[in-house]
Structure formats: C-alpha cells, structure tokens
Amino acid sequence: MGLSAAGMASGLDIAGMTQQLVAAERKPKADRITTQQKQVNVSLSAYGQVKSSVSAMQSMLEKFGKDEAFNGQKATSDNSDYLSIKATAKAKSGVYNINIQQMAQSHKLMGEELFSADPEASLGSGEMVIKVGDKSMTLNIGEDNDDLSSVVDAINNANDNPGLTATLINTGKDGGSQIVFSTTETGEKNTIEIDTSAMTGQLASLAYKDGMVDSKVDEMQVAQDAKIMIDNFTPVTSSNNTFEDVIEGVTLDLKKLTGTSGVTPDPNGTNDIDVKSVKITIESDEKSTKDSLKSFVDSYNSLMGTIDKLTGFDADKEPDDPNRAGALNGDSLTRSVTTQMRNLLNEPIEINGKLYQMSDFGISIQRDGTLELEEDSDKLDDIISENFAVIGQFFAQEDSGFLAKADKLLDSFTDKTDGSLSVKEETLKERQKSLDDDMAELNKRMVAYEDRTYKQFLAMDEAIGQMNNQLSSMMSLMMSFE
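The structure reproduced in this document is the subject of the present report. Since we're looking at a predicted model, the values are computed, not measured.

Rules used throughout
Residues numbered from 1 in each chain as written. Predicted model: local features only at pLDDT ≥ 70, side-chain atom pairs only at ≥ 80, totals over all residues. Heavy atoms only, no water. Patch = residues over 30% accessible without salt bridge, like charges linked within 9 Å, V, L, I, M, F, W, Y side chains within 5 Å. Areas by Shrake-Rupley, 256 points an atom, 1.4 Å probe, with all protein chains shown as cover. Salt bridge = Lys/Arg side-chain N within 4 Å of Asp/Glu carboxyl O. Lys, Arg positive; Asp, Glu negative; His and termini not counted. Charge placed at Lys NZ, Arg CZ, Asp CG, Glu CD. Helix = DSSP H or I, 4+ residues; strand = E, 2+ residues; numbered from the N terminus. Buried < 20%, exposed > 50% of the residue type's maximum accessible area, 1.4 Å probe, protein only. Contact = heavy atoms within 4.5 Å. Polar contact = N/O pair within 3.5 Å; in protein donor to acceptor, adjacent residues only side chain to side chain. Pairing = 2+ DSSP bridges. Axes fitted to C-alpha atoms, helices over the stretch in contact; angles between N-to-C directions. Arc of directions from axis to C-beta. Phe/Tyr/Trp six-rings, centres within 6.5 Å; stacked < 30°, edge-to-face > 60°. Parallel < 35°, antiparallel > 145°, perpendicular 65-115°, else oblique. Core = buried A, V, L, I, M, F, W, Y, C linked by side-chain atoms within 4.5 Å.

Focus: a negative patch on the surface
So, step 1. Where like charges cluster on the molecular surface, the negative patch consists of Glu372, Glu375, Asp376, Asp378, Asp382 and Glu386.
So, step 2. When residues in the negative patch are grouped by element, the largest group, three residues, is from helix α5 (residues 377-386).
So, step 3. Residue position: Glu375 is located in the loop between β19 (371-373) and α5.

Pasting the structure below:
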C-alpha cells in the first residue's frame, strides 16, 4: 500500500517504521525462495544441456542408420548426362555396361476437330468413357457442362480420373482449339481409350482405340516402356525411366538414349551418338565409413565433455569459488548416462559366430572415458578394408547392432513421456512453478502485513495524541488553582 505522512501526534516516522518492519519480515522468507529458485534454474539449465547433448548423439546415430553410414556402397556412372546411379548397402561390388535403347514415355492423343471456345457453344451430350490402362471413368455431359472449358475441367477434376490430363492447343486455325489427352504416367500399359458411342454432337468425334479405323484422333506420342541392355546380354524394361533393384540394391535413373552401331533402319536416330554405353561401378564406400567412425568418436567425446564439465569438481579452486563444482556434481542420474554408455561400448557383438568390440575397428576407450580413433590413417584404412562387411554389421545389424542398442539406451533418457532426463526436467519445472507461486503468495501476505502494521502504528499515534491532549488539559487545570 502507499504510505502517507503520519505520526503528527507522536512525532514518529510511521511510514518508515512500517517499511522497515515489512522488509525485516520479508527478507529471510524471500531469500530462501530466491535461493531455491536459483538452484532450480541452474539445475534445469544443466539437465537441459545434458539432454541436448544426448539427443544430438541419438540423432546422429539415427542418421547413420538411415544413411547406412558404416556399410554404404559407392556407385558411380562414367557419364551422368546419360545415366545417374544410387546404391544401398545391399548392392554388391561390380562393374556393368548399360546401353539405353528406349526411354519411357506417356501416351498422347490429339483430336483432329476444332472446338469453339465460346461458352455458349454446345459441343454435345451423353456419356464419355475414358480408360487409361485398366482404370476408367465415365463423364456425363449435359446442358450445364457441354461447353469446351467445362468439358476439359470435368475431365481434369474428376474424382475417378484414371490418370490423364486434357489440355487445349490453339493452332491458329479458324474454328477454335484442338483437345490433347496425355497420361500422367509413362509405360506401355498406360494407353488411352475413349468411348463416345453414347454421345451426340461434336464430342463424339473424340472416340479412340488402338487400331480403330477412320478415327478422328491422332496419336501424337506412343506409350512405351524404357529399355536397357546390361553388358550387351540382358535386356530389361521398366514402365518409367527409373530402374530399381534390376541390379540388387542399385537404382538407375535414365537421362537419354545411348548410341547404336550400324542398326538399319535407325528409327531413333542414335547411330551417330558417340556414347554407346554407360559404365557403372559399385564398390565399398570405405571413405564414408572412415568419416562416420570419426564423427561417432567426436560426438561421443562431445557428450562426455559436457557431462564432465557439469559433474566435475576442481579441488584446486577456493572453497567459495562458484566454479569449483559443476552444477550436477554428485548427480546420480547424469553419472548413469556415462556409466551405461561405457558399458555399452565395452559390450561385444556377435557376427557370424564371432564376437567383436569397438577396439577391433580402431576405436579405443581412454582412461578418462573418452574414445580415441586410430591416429595412423594408413593403418585405419587397412582395418576398414579388412573388416568392411563386419563393421557394417557391427553397427547396423538389426536389433542386435550397436546403433539399435545405443538408440534404445539413449531413448530411455530422452523419451518425452518416460525418459529419465525428461522426467527430471518436468519435475524441476513443477518445482520452479511452485516456487514462483510461493513468491507470489509471500508478496500477497506482505501487502496485508504492511497494511495491518501501518494501521497499528496509526492507532498508537492516535492514542498518544489523545494522551497528550489529556495531559495538556490537566496541566492547564492545575495551573488555574495557583
């Protein structure tokens, strides 16, 4: 409350005395809450750093698993203008020559008739059945949608559209535009058929079927599969220009046709193309494995460094130095992260009946708990080369590999619902809120205490004033008897 000048009767500084009493009453309680708030905030920040470091390592290990970082295969194309290549860990080392004989393409038709773009022009009515491969749709054309724009929209926006697009081409000829139908997917199976036998008017001219006599629809582009020849011996087709797992674990993405040698006739015009085939090479990606091992060691050491800083104790510093002990010095939960990770690093993993450990792949555990990767680059290269397949299985083996085990362990700390670090953070946040509530409640009580104390001083001041008045009256009366 705002304190006004008072104490006129007693001469006392009532406002000042009230504030001093309130401050004396508030200070020990406020100091206790503030100290606890600081401790909670420091602990919350420290646990946040530990959890962030654990999560960062977990994310890296998950990425390793997705990228097949420890058993990846490197695939190269000697001419990426014609063919690009990707390989997974399932790919086997080898060299192949690929001849690209045919590119996949969509089916494309154009109606010969010109259609008026006048929205008032009626083009016909009835049922139009359009098929693409084994899928079909039936359009009902009536008075409300028989103009050119409405017909095209009805085709493109149909819920059961089987996979084609209708567009208009203005040829510049008098009479309007021609309709073009294109499939959205490539391949021989995705051919278009249009049945207009139940239609009247100009739209009936759009009937088309392969081999149809006197059709008024021209085939602009034939539907076809992509075709390649592997090592001049094995022919393979695909409905699109991507070949997956034709060679196990390998994806081929065709760009354009390679050349042919003296084929007569030459329908594709490829005889004069100098590039007759594309050489692809699949081999073990040992450099990527080496980089991944280094990233793993660096990430683990970063995590241990964060934990060591937060849990450490420096006896050489003065007892009153705030940096003498880390914010989580002596904390059992944080020590548990270190202990369990070290145990996991020392745990052997069985591969093909033989037990392997990190040390078999050039990673050693130091006395301070950090990891060290073999410093001799040539020696490390030899280790990776000799154990490439084993390294991949050691880390990436499903369920029993190191990545799976580490992810499960780290998840026990970081899981949003029941991870021990997450639970600890939530507990501290609840404590933080409780202390904020305690401080708000203290402030509320102090306002009431201030008001009560001030009123008591006012009552005392008033009583003193009355006593002074009575004393003054008595003195005046006594003096009148002299």
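Things to note about the environment of Ser364
So, step 1. Inspection of the secondary structure assignment puts Ser364 in strand β18 (residues 363-365).
So, step 2. Among the residues examined, Ser364 registers a relative accessible area of 29% and is labelled partly exposed.
So, step 3. Here the alpha-carbon distance between Ser364 and Glu374, two residues 10 residues apart in the chain, equals 7.8 Å.
So, step 4. Once you skip the residues sitting within four places of it in the chain, Ser364 turns out to touch Thr370, Leu371 and Glu372.
So, step 5. Among the polar contacts listed, one links the side chain of Ser364 to the side chain of Gln366, at a separation of 3.0 Å.

What to know about the sheet that holds strand β13 (residues 242-244)
So, step 1. One open sheet holds the three strands; their spatial order is β2-β14-β13, and the pairing between them is antiparallel. The open sheet has two free edges, formed respectively by β2 (83-87) and β13, since each of these has just one partner strand. The sheet shows a mean angle of 15° between the axes of neighbouring strands, direction not considered.
So, step 2. Two strands pair when backbone bridges link them, and β13 and strand β14 (residues 250-254) are joined in this way by three bridges, in the antiparallel orientation. The partner of Glu244 across the bridge, within β14, is Thr251.

Side note on α5
So, step 1. Buried residues of α5: Leu380, Ile383 and Ile384, and no others. Down the axis of α5, the sector holding all buried residues measures 95°, keeping them to one side. Exposed side of α5, more than 90 degrees from the buried face: Asp378 and Glu386 are the residues found there.
So, step 2. Against α3 (286-311), β19 and α6 (388-396) lie the buried residues of α5.
So, step 3. Capping of α5 at its N-terminal end is provided by Asp376; its side-chain oxygen lies 3.1 Å from the backbone amide nitrogen of Asp378.

Quick look at the packing of aromatic side chains
So, step 1. Applying the stated criterion across every chain yields a total of nine aromatic pairs.
So, step 2. Summarising the aromatic geometry, the rings of Phe64 and Phe70 are spaced 5.0 Å apart at their centres and angled 80° between planes, so their arrangement reads as edge-to-face.
So, step 3. Pairing Phe70 with Phe395 gives two aromatic rings, centres 3.8 Å apart and planes at 10°, and the pair type is stacked. Here the residue Phe70 occupies a position in the loop between α1 (14-67) and β1 (73-77), and Phe395 occupies one in helix α6, the gap between them amounting to 325 residues.

Describing the packing of helix α4 (residues 332-346) against helix α7 (residues 402-414)
Two quantities define a packed helix pair, namely the angle between the axes and the distance from one axis to the other.
So, step 1. At a closest axis distance of 11 Å, the pairing of α4 and α7 adopts a crossing angle of 170°. Compared by their axis directions, α4 and α7 come out roughly antiparallel. Residues Leu333, Ser336, Val337, Gln340, Met341, Leu344 and Leu345 of α4 form the contact with α7, whose participating residues are Phe402, Lys405, Ala406, Leu409, Leu410 and Phe413.

Notes on the environment of Gln202
So, step 1. Counting through the fold element by element, Gln202 comes out in the loop between β9 (192-200) and β10 (217-221).
So, step 2. Gln202 sits 95 residues away from Val297 along the chain, and the two C-alpha atoms are 73 Å apart.
So, step 3. Not counting residues up to four positions away in its chain, the partners in contact with Gln202 are Glu113, Leu114, Phe115 and Leu123.
So, step 4. Separated by 2.6 Å, the side chain of Gln202 and the backbone oxygen of Leu114 make a polar contact.

Examining the nonpolar core
So, step 1. Counting 57 residues, the largest nonpolar core has Leu61, Phe70, Phe296, Phe394, Phe395 and Phe402 as the members making the most contacts within it.
So, step 2. At 13 residues, the largest contribution of residues to this core is made by α1.
So, step 3. Residues contacting Leu61, with those up to four places away along its chain left out, are Phe296, Leu403, Ala406 and Leu410.
So, step 4. Counting residues in each nonpolar core, the second largest holds 25 residues, with Phe115, Leu148, Ile194 and Leu206 among its members.

A few points about the pattern of salt bridges
So, step 1. By the definition in use, this model includes 14 salt bridges.
So, step 2. Residue Lys216 pairs with Glu113 through a salt bridge whose shortest N-O separation is 3.6 Å. One end of the pair, Lys216, is in the loop between β9 and β10; the other, Glu113, is in the loop between β4 (108-111) and β5 (125-132), and 103 residues separate them in sequence.
So, step 3. Overall, Lys216 belongs to the partly exposed group, its relative accessible area being 42%.
So, step 4. Between Glu347 and Lys405 there is a salt bridge, with its nearest N and O atoms 2.7 Å apart.

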